[in-house]
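Structural characterization, general
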Amino acid sequence: MPIWLQAGGWGLVAGGALVLGAAIAWFVTVPRAVVATVMAFGSGVLISALAFDLVEEAEAGGGLGATVLGFLGGAAVYTLASAALARRGARHRKRSGDQQPSEEEQQGSGAAIAVGALLDGVPESVVLGLSLLGGQGVGVPVLAAIVISNLPEGLSSASGMRRSGRSARYVFGVWGGIAVASGVAGLLGALLLGGAPATLIAVITALAAGAMLAMITDTMIPEAFERAGTWTGAVATLGFVVAFVLDRV
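Residues numbered from 1 in each chain as written. Predicted model: local features only at pLDDT ≥ 70, side-chain atom pairs only at ≥ 80, totals over all residues. Heavy atoms only, no water.

**Section: a nonpolar patch on the surface**
The condition that has to hold: Patch rule: a residue counts if its relative accessible area is over 30% and it has no salt bridge; like charges are joined within 9 Å, and nonpolar side chains (Val, Leu, Ile, Met, Phe, Trp, Tyr) within 5 Å. All accessible-area figures derive from a Shrake-Rupley calculation using a 1.4 Å probe, and residue coverage is judged against the displayed protein chains alone. We count a salt bridge whenever a side-chain nitrogen from Lys or Arg sits within 4 Å of a carboxyl oxygen from Asp or Glu. Helix and strand labels come from DSSP, where a helix needs a run of H or I of at least four residues and a strand needs a run of E of at least two; each type is numbered from the N terminus.
Together, Met1, Trp4, Leu5, Leu12, Val180, Val184, Leu188, Leu191 and Leu192 make up a nonpolar patch on the protein surface, roughly 880 Å² of accessible area in all. For the nonpolar patch, the secondary structure elements donating two or more residues are helix H1 (3-27) and helix H5 (168-193). Its place among the elements puts Leu5 in helix H1.

The structure is reproduced here in structure tokens:
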């Protein structure tokens, strides 16, 4: 199977975890403290994957300077885009409570939330596509981290969407669309960058990693801390350590 097609498939798998989380939230009442705890664990897992896989790999392929520039650039681009969406009602798109505005409360917030969810998910899938270019298959630690973090993301955000009065068509349309977009992003990442210089791949990997870290601290950790409180740090640390051990054994 061509690498670009494999990349698209893995991106779809990763995005599918968002749909699964949304389905759980829609049909089952999950205590928000449980969602927050899983969110904190997923944050730690994702941070571990960033530190010991993505950034390390980028530095080895493109050098320290390219990695630092890409990482900071990714964080800056994500932060600016997220701030623009926040003004249109997408600030609390990962929250499970009553923070998300309804369309009546803020017109256009539904579209902003959908675009924000896309902004959160695409960098992860691009990274998955790039991980296949080395010829050693998909990066399992990164894939596991993304799936583990996407499940509570979809669960928490869909719960908040439902509480704000969004319809099932909207909720599953958003997450189904993000899953498809994740597959396309992974496919394009592998297809367009196959044979690209190592420095360029390193910069793009670092750029995606920076965006992912900004996303974690901007959307995931606040939701986790709101419900898990002082346990958030301990649970995130546990997720970090588990991912680190699994990567080394």
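**Considering the nonpolar core**
Here is the rule we go by: Take the buried Ala, Val, Leu, Ile, Met, Phe, Trp, Tyr and Cys residues and link them wherever side-chain atoms come within 4.5 Å; each set so joined is a nonpolar core. Only protein chains enter the calculation, and the probe is 1.4 Å; a residue is then buried if its accessible area is under 20% of its type maximum, exposed if over 50%, and partly exposed in between. Throughout, a residue-residue contact means that at least one pair of heavy atoms, one from each residue, lies within 4.5 Å.
Ranked by size, the top nonpolar core spans 26 residues in total, and within it Leu46 and Leu54 carry the most contacts. Counting residues per element, the ones that place at least two in this core are helix H2 (32-90), helix H3 (109-131), helix H4 (140-163), helix H6 (198-228) and helix H7 (231-248). Here the element with the most residues in this core is H6; it accounts for nine residues. In this structure Leu54 touches Ala49, Val127, Val142, Thr205, Ala209 and Met212, once residues within four positions along its chain are discounted. Ranked by size, the runner-up nonpolar core spans 18 residues in total, among them Ala22, Ala117, Leu155 and Val174.

**Some thoughts on H6**
Applied cut-off: Bend angle per residue: angle between axes fitted to the 7 residues ending at that residue and the 7 residues starting there.
At Ile216, H6 shows its largest kink, close to 35°. Positive phi appears at Gly229, one or two residues downstream of H6, with a value of about 60°.

**Points about the environment of Phe225**
Here Phe225 shows up in helix H6. Taking the C-alpha atoms as reference points, Phe225 and Gly11, separated by 214 residues in sequence, lie 28 Å from one another.

So far we have only geometry, and geometry alone does not tell us how the molecule works.
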